[in-house]
Amino acid sequence: VQLQASGGGLVQAGESLRLSCAASGTTSTFTAAGWYRQAPGKQREMVAHMTAGGSVTYADSVKGRFAISRGNVRNRDLKNTVYLQMENLNPEDTAVYYCSMSLISRAYWGQGTQVTVSS
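Parameters and conventions
Residues numbered from 1 in each chain as written. Predicted model: local features only at pLDDT ≥ 70, side-chain atom pairs only at ≥ 80, totals over all residues. Heavy atoms only, no water. Helix = DSSP H or I, 4+ residues; strand = E, 2+ residues; numbered from the N terminus. Rg over C-alpha atoms; globule rule 2.2 N^0.38 Å. Buried < 20%, exposed > 50% of the residue type's maximum accessible area, 1.4 Å probe, protein only. Areas by Shrake-Rupley, 256 points an atom, 1.4 Å probe, with all protein chains shown as cover. Salt bridge = Lys/Arg side-chain N within 4 Å of Asp/Glu carboxyl O. Pairing = 2+ DSSP bridges. Axes fitted to C-alpha atoms, helices over the stretch in contact; angles between N-to-C directions. Phe/Tyr/Trp six-rings, centres within 6.5 Å; stacked < 30°, edge-to-face > 60°. Lys NZ or Arg CZ within 6 Å of the ring centre and 35° of its normal.

Draft legend 1. Region of the structure containing the overall build of the protein chain. If you tally the helices and strands in the protein chain, you get 0 helices and 11 strands. In the protein chain, the order of α-helices and β-strands from amino to carboxyl end is β-β-β-β-β-β-β-β-β-β-β. The C-alpha radius of gyration computed for the protein chain amounts to 14 Å, which stays within 12% of the reference 14 Å derived for 119 residues, consistent with globular compactness. Each principal axis of the C-alpha distribution contributes one length, and for the protein chain these read about 40 × 25 × 20 Å. Counting across all 119 residues of the protein chain, residues that qualify as buried make up 40%. With the model as given, the accessible surface of the protein chain reaches about 6300 Å², and the carbon-plus-sulfur share is 46%.

Shown next, in the form of structure tokens:
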């Protein structure tokens with residue numbers, strides 16, 4: 001199983017980005033998925049998390065600005081895709097963003113995508 005994250009980039013404060021993460025190499029459907037980030041010199045932190053049942057959790061710092069969602073579960077190519085819509089970005093959101101999915105009773109991680117927000 002491999003997770004491929006994309007969508008990062010350099011934006012100015014107040015702008016938006018949408019991250020995507022797609023899993024390949026499995027026909028199973030994830031039971032949970034999340035986005036995490038790690039800024040230089042800091043520990044990795046959870047940004048947004050969702051379960052297949054629809055339960056969603058956000059870090060306090062991104063509530064109201066970020067939204068996690070998934071692709072159409074009825075679409076074989078999209079059922080293991082998760083998105084992170086990020087609005088009103090600020091320089092404190094600058095980090096490498098990683099996606100993670102729980103598949104076949106274990107957690108998998110993507111390679112990370114850099115998000116840089118300039119002031």
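Now that the structure has been shown, we can carry on.
Draft legend 2. Broad picture of the pattern of salt bridges. All chains considered together, the criterion is met by 4 salt bridges. Close ionic contact of Lys-63 with Asp-60 constitutes a salt bridge, the shortest N to O distance being 3.1 Å. The partner of Asp-93 in a salt bridge is Arg-65, and the shortest N-O contact between them spans 2.8 Å. One end of the pair, Asp-93, is in the loop between strand S8 (81-86) and strand S9 (95-103); the other, Arg-65, is in the loop between strand S6 (56-58) and strand S7 (66-70), with 28 residues separating them in the sequence. There is no split in this pair, since Asp-93 and Arg-65 are both buried. One salt-bridge network, in which partners are shared between bridges, spans Arg-37, Glu-45, Arg-65 and Asp-93.

Draft legend 3. Inspection of the sheet that holds strand S1 (residues 2-6) at higher detail. Judged by pairing direction, the sheet is antiparallel, and its 4 strands sit side by side in the order S1-S3-S8-S7 without closing on themselves. The sheet is open, and its two borders are formed by S1 and S7, each paired with just one other strand. Taken over all neighbouring pairs, the strand axes of this sheet differ in orientation by 15° on average, direction set aside. Summarising the sheet, strand S3 (residues 17-24) and S8 pair through 6 bridges and their orientation is antiparallel. Bridge pairing links Leu-19 to Leu-84 in S8.

Draft legend 4. Molecular detail of the packing of aromatic side chains. Tallied over the full model, the rule gives 1 aromatic pair. Measuring from centroid to centroid gives 4.9 Å for Tyr-36 and Trp-109, while their planes differ by 55°, and the two rings are tilted. Within this pair, whereas Tyr-36 is found in strand S4 (residues 32-38), its partner Trp-109 is found in strand S10 (residues 106-109), the two being separated by 73 residues in sequence. On the basis of relative accessibility, which here comes to 41%, the residue Trp-109 falls in the partly exposed class. Over the ring of Tyr-98 we find Arg-44; its NZ or CZ atom is 3.8 Å from the centre of that ring. One cation-aromatic arrangement involves Arg-70 over Phe-30; the distance from NZ or CZ to the ring centre is 4.1 Å.

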